[in-house]
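Spelled out, the chains give:
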Number of protein chains: 4
Amino acid sequence: MSVSSSGAEPVKWQRRKENRPEEIILAALDLFVEKGYAATRMLDVARQAGVSKGTLYLYFENKEAIFRAAVEQLIVPRISQLEALQQSHQGSYEALIKKMIMGWWQSVWHSRLSVVPKLLISESGNFPELAQYFTEHVVKRVRYIFVQAIEQGIKEKEFIEQDAVTTARLLMAPIIQAAVWKYSFKVFDDEQNPDEYIRQHLHIFLNGIQRKKH
Amino acid sequence: MSVSSSGAEPVKWQRRKENRPEEIILAALDLFVEKGYAATRMLDVARQAGVSKGTLYLYFENKEAIFRAAVEQLIVPRISQLEALQQSHQGSYEALIKKMIMGWWQSVWHSRLSVVPKLLISESGNFPELAQYFTEHVVKRVRYIFVQAIEQGIKEKEFIEQDAVTTARLLMAPIIQAAVWKYSFKVFDDEQNPDEYIRQHLHIFLNGIQRKKH
Amino acid sequence: MSVSSSGAEPVKWQRRKENRPEEIILAALDLFVEKGYAATRMLDVARQAGVSKGTLYLYFENKEAIFRAAVEQLIVPRISQLEALQQSHQGSYEALIKKMIMGWWQSVWHSRLSVVPKLLISESGNFPELAQYFTEHVVKRVRYIFVQAIEQGIKEKEFIEQDAVTTARLLMAPIIQAAVWKYSFKVFDDEQNPDEYIRQHLHIFLNGIQRKKH
Amino acid sequence: MSVSSSGAEPVKWQRRKENRPEEIILAALDLFVEKGYAATRMLDVARQAGVSKGTLYLYFENKEAIFRAAVEQLIVPRISQLEALQQSHQGSYEALIKKMIMGWWQSVWHSRLSVVPKLLISESGNFPELAQYFTEHVVKRVRYIFVQAIEQGIKEKEFIEQDAVTTARLLMAPIIQAAVWKYSFKVFDDEQNPDEYIRQHLHIFLNGIQRKKH
DNA sequence: CATGAATGAGATTTCATTCAT
DNA sequence: AATGAATGAAATCTCATTCAT
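Source: prediction; values computed, not measured.

A. Structural view of helix H7 (residues 128–155) of chain C. Residues and elements named next belong to chain C. With 28 residues, H7 extends 38 Å between its outermost C-alpha atoms, agreeing within 8% with the 40 Å of an ideal straight helix rising 1.5 Å per residue. Thr-135 marks where H7 bends most, by close to 35 degrees. Immediately downstream of H7, the backbone of Lys-157 shows phi near 65 degrees, a positive value.

Written out as structure tokens, the structure reads:
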């Protein structure tokens, strides 16, 4: 199912030192999202990763270390993409926000990364340091990028006067919400086209904050 | 419910006994939200409710039953309020939506009810039937109320043409998001005024869907 | 086998809060001595004590706590007996030493207490704090009692001039040795009469340190 | 043993290979004494011996085999020294005993051999065959040498009438005790001069068993 | 009814041993 | 011959649930 391109011999004793940590992280992420951290047994993680229980402990000190690694390694690298996008932008701030949201959406929604919000929301109570780390290094950093775009749009008379931080929260809320929903109630809720959802969000939102041209 | 069948004389010191199930539910809710379902020990619930471990089992079959009861008893009654509001409304649909959102917000945000979204998101993987129940009987039902208001606003040329279901999702997303955030990252995230947050959401959102008057 | 005088109904659910800790300690002692600390499984301790695994953890934080309790509660009380004996003595120092050794021997050898030396010797490497505690509060304290008797005997010209501490060590060595042997090699070594062994030790030792009367 | 069958040219850099088993035994001994058998991990043994875990299994079947080898190879050869000493002796039995004890003491105390008593005492419960082997082939054999010396001394009227086996036990007890102590409580107990300890033991003991000359 | 001591299934974690490299 | 990554049995410990009091 997973290993490589050469087909189908289920080898039992495999040495894959290089790839193990990432394989374990991805396996754990799948399960943490599905069952929550506490309900995920190390045996499950091992099976999902195609290794034995003991192997997990060769690469991670304990269950919590896997959790931390999953969050940190997956998310943080993505943010710089966003920052780069902002700095190289030319044109209206409406166009910048559209571009950033759509880019973020593409890279997050369709990747395994989209599970992280749900995971952190679920486990924030049990891992306060991790929740704090996430708040400081991800939430606020991403929000700041949008805050800047909004503030500059206000200064340039493109957007109406408003509190930029609250507006940035409102810009992000439906996206985070969608990611959380995907892993919580999607199977029971009616199908919807996520791309259309975002498109419409941007439409209403940008329409809502723009200074009306008379 | 059982002791004195001649419901006339409400003896004070019996109240406690009568309220036991609710006290247990509230205690459990607090803990489920704080630590998650799996990490909450029955001993903790007992202590928080001021009873012994054994007593829990006099009122509930097991841990899961407490969880189900908590969700069902807290949420469902509130929805009919919303439905009543809609049916009695007179005036613009913008005003109706404002009224409903603010009413919902008041009754949810400032009550213990606000923990339910976070709780269900966290535990949906472990309690699929409950997640389904919640999706069908709460999410969709509430959404339907807003869908109707939006659709009628479109028909009356008050709002622009758009997919009402998606729009309803976008209307609700920041509110649910706020409730989830409150119990996940609020302590680490910067303070914000929740009432101002909702006010601004309504402002941008309604501004964004209104048909521009020229 | 153990519970009480009323005969033979092996009850399954027994509440014995008062006696449990001591029962567990004694059970653990038996096994620690037989197999060593590390090789003794908590399940074994539970079975030996006639309780379940979980019950152990109601009374002791972990395996090490049982070990510590066993050592501390059994040994320390006995020492004061010895000190009392010394202070009330009248007569020759030879007689005092005889009396103390025989008394100590009686109370230690024929009781479960005799296992402690072997146990501490075996586990000293893994429980250095416990070994230190034992050295300070038991070994040195007991030795000091004998050192005093010997020094006074020297002063009174009853015994020959010699280093009293070394002599006290030599007085105690065969006794400790016997206790250790009992739990290590006794089953394989030839039977011997322990009372005769001590009697002869005292005979040779006291004969060896006495000032020769001409 | 295997490589160069023409045993003439002892190549230096092959030595290491040839000595592997002994190096492993010595490494294991150090650790067994410090931590006990069960608490000693094969990884520790490997590291201490400067080899990898897998290599241990090239030379020994399993952990127990290392333990057995350690005991057997270290102890047994020393006994014949003692027997030779006895057979070649001329002079008083007091002098013979002094010579044997001092010789034994020298070769045991100041060598790694001194750890064996503590080790066997600690692990006798887990390795009964080994304990039996030790009792039969070491303890009794050594004791027999001393028993003979004592019995002959009695016959020659050098020593007083007494049970020679018990006396031999008492002669050996302080020495074994000292070796055990060295690896159990020495670091916490006060310093003492071991040579002085033995000298004084011989003094008291021999003084105690000698027939008084009038 | 209420209690909390007692239970035991099941979780995490360790480490002797195996075997691909 | 040597390595050390990988294995999995078995240990400690937790906690939902039961039941004597």
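There is more to say, and it comes next.
B. Structural context of the relation of the copies chain C and chain D. By a simple turn and slide, chain C fits onto chain D: the slide is 0.0 Å along the axis, the RMSD is 0.1 Å, and the turn is 180 degrees. This pairing of chains is accounted for by a two-fold axis. For chain C, the smallest separation between a C-alpha atom and the rotation axis is recorded for Gly-208 of chain C, amounting to 1.8 Å.

C. Structural context of the protein's contact with DNA strand F. Lining the immediate surroundings of DNA strand F are 39 residues, of which Thr-55 and Tyr-59 of chain A, Met-42 of chain B, Trp-13 of chain C together with Thr-55 of chain D lie closest. Per the 4 Å cut-off to the protein, sugar and phosphate atoms form 65% of the nearby atoms of DNA strand F. Between DNA strand F and the protein, one listed contact pairs a phosphate oxygen with a backbone N or O atom of Met-42 of chain B at 2.6 Å. Measuring from a phosphate oxygen of DNA strand F, one finds a side-chain N or O atom of Arg-20 of chain D at 3.0 Å. Contributions of two or more residues to the surface near DNA strand F are made by helix H3 (53–59) of chain A, helix H3 (53–59) of chain B, helix H3 (53–59) of chain C together with helix H1 (12–35) and helix H3 (53–59) of chain D.

D. Structural context of helix H5 (residues 93–109) of chain A. Between the first and last C-alpha of H5 of chain A there are 23 Å, a value that for 17 residues agrees with the 24 Å anticipated at 1.5 Å per step. For H5 of chain A, the set of buried residues is Tyr-93, Leu-96, Ile-97, Met-100, Ile-101, Trp-104, Trp-105, Ser-107, Val-108 and Trp-109 of chain A.

E. Region of the structure containing the interface of chain A and chain B. With 52 residues of chain A at the interface, the matching set in chain B holds 52 residues. For the pair chain A and chain B, the number of links is six salt bridges. Across the pair Arg-143 of chain A and Asp-189 of chain B runs a salt bridge, and its minimum N-O distance is 2.6 Å. Taken together, chain A and chain B are joined by 23 residue pairs in polar contact (both at pLDDT 80 or more). Listed by contribution, the elements that provide at least two residues to the side of chain A that touches chain B are helix H1 (20–35), helix H6 (115–123), helix H7 (128–155), helix H8 (164–182) and helix H9 (194–209) of chain A. In terms of residue count, H8 of chain A provides more of the side of chain A that touches chain B than any other element does, ten residues in total. Of the residues assigned to the side of chain A that touches chain B, the class counts are 22 nonpolar, 18 polar and twelve charged.

F. Examining the protein's contact with DNA strand E more closely. In the region of DNA strand E, 39 residues are neighbours, and Trp-13 of chain A, Thr-55 of chain B, Thr-55 and Tyr-59 of chain C together with Met-42 of chain D sit closest. Looking at DNA strand E alone, sugar and phosphate atoms form 65% of those within 4 Å of the protein. With respect to DNA strand E, the side chain of Lys-53 of chain A contributes an N or O atom lying 3.1 Å from a base oxygen. In the environment of DNA strand E, a phosphate oxygen lies 3.2 Å from a nitrogen or oxygen atom belonging to the side chain of Arg-20 of chain C.

G. Focus on the interface of chain C and chain D. With 51 residues of chain C at the contact, the number on the chain D side is 52 residues. Overall, the association of chain C and chain D removes approximately 4300 Å² of surface from exposure, summing both partners, and the carbon and sulfur fraction of that is 61%. On the surface where chain C and chain D come into contact, there are six salt bridges. For Lys-140 of chain D, the salt bridge identified is with Asp-190 of chain C, shortest N-O distance 3.1 Å.

H. Looking closely at the packing of aromatic side chains. Per the stated rule, a full pass over the model turns up 36 aromatic pairs over all chains. Both rings, one in Tyr-37 of chain A and one in Phe-127 of chain A, keep their centres 4.7 Å apart while their planes meet at 85 degrees; by these two values the pair is edge-to-face. You can see Tyr-37 of chain A sitting in the loop between H1 and helix H2 (42–49) and its partner Phe-127 of chain A sitting in the loop between H6 and H7, a full 90 residues away along the chain. By the burial criterion, Tyr-37 of chain A is buried, and Phe-127 of chain A matches it. Considering the side-chain rings of Phe-67 of chain C and Phe-127 of chain C, the 4.8 Å spacing of their centres and the 25 degrees angle between planes classify their relative orientation as stacked. Of this pair, Phe-67 of chain C sits in helix H4 (residues 63–87) while Phe-127 of chain C sits in the loop between helix H6 (115–123) and H7, placing them 60 residues apart in sequence. Here Phe-67 of chain C matches Phe-127 of chain C in class, with each residue buried. Connected via pairs of aromatic rings, a cluster forms that spans Phe-32, Tyr-37, Phe-67 and Phe-127 of chain A. Lys-182 of chain B extends its terminal NZ or CZ atom over the ring of Trp-109 of chain B, reaching a point 4.4 Å from the ring centre.

Procedures and definitions
Residues numbered from 1 in each chain as written. Chains lettered and ligands numbered in written order. Predicted model: local features only at pLDDT ≥ 70, side-chain atom pairs only at ≥ 80, totals over all residues. Heavy atoms only, no water. Helix = DSSP H or I, 4+ residues; strand = E, 2+ residues; numbered from the N terminus. Expected span 1.5 Å × (residues − 1). Bend = angle between axes of the 7 residues up to and from the residue. Least-squares fit on C-alpha atoms with pLDDT ≥ 70 in both. Near = heavy atom within 4 Å. Polar contact = N/O pair within 3.5 Å; in protein donor to acceptor, adjacent residues only side chain to side chain. Buried < 20%, exposed > 50% of the residue type's maximum accessible area, 1.4 Å probe, protein only. Contact = heavy atoms within 4.5 Å. Salt bridge = Lys/Arg side-chain N within 4 Å of Asp/Glu carboxyl O. Nonpolar A, V, L, I, M, F, W, Y, C, P; charged D, E, K, R; others polar. Buried area = accessible area lost by both parts, 1.4 Å probe. Phe/Tyr/Trp six-rings, centres within 6.5 Å; stacked < 30°, edge-to-face > 60°. Lys NZ or Arg CZ within 6 Å of the ring centre and 35° of its normal.

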